[in-house]
Each structure stands twice: as structure tokens, then as C-alpha cells.
Amino acid sequence: MLIAHTSDFHIFADAPETSLVRSDIVEATRKVVADIANFSPRIDAVMITGDLADGGSADDYALVKDILSPIKVPIFAVPGNHDARMGFRAAFEDRLPFGPGPKLDYETSIADLRIIALDTLIEGEVPGGLDDGQIDWLAERLAETTERLTLILMHHPAFPSTIKTLDQMALLGGHSKFETLITQYRGPLRILSGHIHRPYQTLWNGVWCAVSGGPSFQHALKMAHDAPEPSNLDEPFAYFIHRIEEAAAMTVHTRYVVL
Ligand SMILES: [Fe+2]
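Quantities reported herein were computed from a predicted structural model and do not represent experimental measurements.

Enquirer: Sorry if this is basic, but what is going on with the coordination of the iron ion here?
Expert: By definition of the ideal shapes, a tetrahedral metal site with four donors has angles of 109.5 degrees and an octahedral site with six donors has angles of 90 or 180 degrees. The coordination sphere of the iron ion contains the protein donors Asp8 (OD), His10 (NE2), Asp51 (OD) and His197 (NE2), at a distance range of 2.0 to 2.3 Å. Every donor counted, the four donor atoms about the iron ion form angles of 87 to 178° at the centre, which fits irregular coordination. All donors of the iron ion come from a single chain, and their spacing in sequence reads D-x1-H-x40-D-x145-H. By relative accessible area, aspartate 8 is classed as buried at 0%.

In C-alpha cells form, the structure reads like this:
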């Protein structure tokens, strides 16, 4: 099975909410989508870890859906801090099994893969969080270990990038409770995230975790803890392709797209 993991399109129909977003983001994202849709052998499913829209208007999501239309395989997505829940739900409720809400968490599967999607959006804030209700819901999902591979999708990473200015705006609410659940779970597990705007992978509490790049803009690799705000830069955009032959095996390829 081949899984594509991309993130942070920040699509806007009228005007950007985020000043860093490239003005040709629609065309750039169409290139990413074409690369995924035309990849050989065929990608089996696509994971998009948040910030699909930059402001979250109905027009933004109509454009997002049009951009994604060349992808004919299942798409699984979670909202980011630049998304809007109502618009996100309306755009994807025909293909994603959201609960009654208001949060957009869901559990689903494709073949032998279990997918747990967590909505870490806190309206009006850049950092993310999980409330106690979501922690309880996740605890139920992880109460029994399954030998199937579980993928957790969440926009805000709970694992550090070690770039301090970015980690200060990652998952803050419910972090320690989430970490406890992850460390207690014994089955094969991976966590896919976005938000950081540069691709990286890490092993966190024994769990393999990744943040995909986003075509909208990329942050510089400034690892000094006193580094100033990360800046936009002209680096190749990359997303990840996970090749899953068996639950415990892991091969992740970095796929570059010239935008
Ligand atoms: Fe973003």
C-alpha cells in the first residue's frame, strides 16, 4: 500500500489570510495533486494534515475540492488552525465519517490500515489542543491493541521539531494526556502532522512521527533556540510517500515537486 502525506495548502479564493502564502498557491497545489494522481505505481490513499484553506470561506473550500478532484483514491484530512470547522465539514462530510461534532474527529479504515483523525483546531488561536472529551474518545480507540497499523492524523504536532519558535505554537492543550495515551499503546502506530511548514521525521516515545512540507510556504531550518522568527525561503517542496507492506515495517520516501 502506498500512502501520500501532504499538508498546508492554505488555499484562498479571494485574498490570503497569511502573508507568507505564495500568490500562485492554486497553481502550485495543482502541481502537487497532479504528482500524486499520476504517481506510478498508484497511490492508494492521500492524507492531508490540515490548513487546506487559508481563511476557511465557502469559496475557499469549493476551490480546494476542485484542486483535489484529479485524485480518485480516498482522501483523509484533518482541519488546521487556518481552517474553519463548518466549511471543512461541509466540504468533506460526503467522504469523511465525522462524528456529530462540533469537533471533526473520526475513526475509519482502508484495507488493513486504521486511521484516527484528531481535530486540534482552537478557533482564533495558532497553537492547537485536544480537550478532555477528545482525550476520552481517543483513549477508547486505543484501549485495545490491534496488530493493524494505526495512523493518527493531527494538524498540530505533539512531537518536537526542535525549532523552538515553531514548537511554541504546536500542540499545547492536552499534550501530556495525549503523550500518556501514546506511550501506553503497544500496537504499531505512526503520527502524521503538518503546521510546521517544513518536512521532518522523528521518533517520539517509540512512535514514528512525520510532518509533511506544505506548498504554501516553507520555513527555514533555524535550529538555534534564540533564532528569530523563521522566514520564508526558496527550498524544494517535499511530501512523503509511505510504503506499507506490513504493519511493523516502515519505508518513507521523500518526494520533491518543483513548484
Ligand atoms: Fe499552515
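There is more to say, and it comes next.
Enquirer: Looking at this structure, I do not really get the sheet that holds strand β3 (residues 75-77). What am I missing?
Expert: Neighbouring strands of a sheet are bound in pairs by backbone hydrogen bonds; such pairs are parallel or else antiparallel. Across the sheet, which stays open at both edges, the five strands sit in the order β3-β2-β1-β12-β13 with mixed pairing between neighbours. Only two strands of the sheet have a single partner each, and these edge strands are β3 and β13 (251-257). Ignoring which end each strand starts from, the neighbouring axes of this sheet average 25° apart. Where strand β2 (residues 45-48) meets β3, three bridges bridge the pair, whose relative direction is parallel. Each residue of the ladder has a partner; that of valine 46, found in β3, is isoleucine 75.

Enquirer: I would appreciate a short explanation of the sheet that holds strand β10 (residues 200-204) in the present structure.
Expert: Read from one edge to the other, the open sheet built from six strands follows the order β4-β5-β7-β9-β11-β10, with strand pairing classed as mixed. Bordering the open sheet on either side are β4 (106-110) and β10, each of which pairs with just one other strand. The sheet shows a mean angle of 20° between the axes of neighbouring strands, taken without regard to direction. Sheet strands in contact with helix α4 (residues 132-141) are β4, β5 (113-118) and β7 (150-154), and its direction is about 170° off that of β5.

Enquirer: How should the packing of helix α2 (residues 58-68) against helix α3 (residues 85-92) be read in this particular structure?
Expert: A packed helix pair is summarised by two numbers, namely the angle formed by the two axes and the spacing between the axes. Interhelical geometry of α2 versus α3 gives an angle of 35° and a closest axis separation of 10 Å. The two elements α2 and α3 meet at a crossing, and its hand is right-handed. Residue-level inspection shows Tyr61, Val64, Lys65 and Leu68 of α2 in contact with α3, the latter providing Gly87, Phe88, Ala91 and Phe92. Tallied by class, the residues present in the contact of α2 with α3 amount to six nonpolar, one polar and one charged.

Enquirer: Where do I start with the environment of leucine 104 in this structure?
Expert: Along the chain, leucine 104 falls in the loop between α3 and β4. Considering only alpha carbons, one finds leucine 104 and leucine 121, 17 residues apart in sequence, at a separation of 9.3 Å. If near-sequence neighbours (up to four positions away) are discounted, leucine 104 is found in contact with Pro79, Arg85, Phe88, Arg89, Phe98, Ala117 and Asp119.

Enquirer: Can you help me understand the environment of alanine 37 in this one?
Expert: Tracing the backbone shows alanine 37 in helix α1 (residues 25-37). The partly exposed category is assigned to alanine 37, whose relative accessible area is 31%. Separated by 33 residues in sequence, alanine 37 and proline 70 have C-alpha atoms that sit 6.3 Å apart. If near-sequence neighbours (up to four positions away) are discounted, alanine 37 is found in contact with Pro70 and Ile71.

Enquirer: Explanation requested: the pattern of salt bridges in the structure shown.
Expert: Note on pairing: side chains with opposite charge can pair once their charged atoms come close. All told, the structure shown has 12 salt bridges when counted by the stated rule. Residue aspartate 35 is joined to arginine 255 by a salt bridge in which the shortest nitrogen-to-oxygen separation is 2.8 Å. With aspartate 35 in helix α1 and arginine 255 in strand β13, this pair connects stretches of sequence that are 220 residues apart. With relative accessibility at 16%, the residue aspartate 35 sits in the buried group. For arginine 243, the salt bridge goes to glutamate 245, with nearest N and O atoms at 2.9 Å. Take arginine 243: its relative accessible area is 42%, and that puts it in the partly exposed class.

What counts and what doesn't
Here, residues in each chain are numbered from 1, in the same order as that chain's written sequence. pLDDT decides what is reported in this predicted model: residues at 70 or higher carry local features, side-chain atom pairs at 80 or more are listed and counted, and totals for whole chains, interfaces and linings draw on all residues regardless. The basis for every side-chain value is the complete set of heavy atoms in the structure, and neither hydrogens nor water enter the calculation. Only nitrogen, oxygen and sulfur atoms qualify as donors, provided they sit within 2.8 Å of the metal or within 3.2 Å for Na, K and Ca; with water excluded from the atoms, sites may seem incomplete. Geometry assignment treats four donors as tetrahedral when all angles are between 85 and 135 degrees, treats four as square planar and six as octahedral when opposite donors are over 155 degrees apart and all others between 65 and 115, and treats everything else as irregular. Only protein chains enter the area calculation, which uses a 1.4 Å probe; residues under 20% of their type maximum are buried, those over 50% are exposed, and those in between are partly exposed. Pairing between strands is defined by DSSP: at least two bridges between the two strands are required. Each helix is a run of H or I in the DSSP string that is no shorter than four residues. Each strand is a run of E no shorter than two, and both are numbered from the N terminus. Think of each axis as a best-fit line through the C-alpha atoms, taken over the contacting stretch in the case of a helix, with angles from 0 to 180 degrees between the N-to-C directions. Throughout, a residue-residue contact means that at least one pair of heavy atoms, one from each residue, lies within 4.5 Å. The handedness criterion is simple: a crossing whose near helix is rotated anticlockwise from the far helix by less than a right angle is left-handed, and one whose near helix is rotated clockwise is right-handed. The classification used treats Ala, Val, Leu, Ile, Met, Phe, Trp, Tyr, Cys and Pro as nonpolar, Asp, Glu, Lys and Arg as charged, and all other residues, Gly among them, as polar. The term salt bridge refers to a side-chain nitrogen of Lys or Arg lying within 4 Å of a carboxyl oxygen of Asp or Glu.

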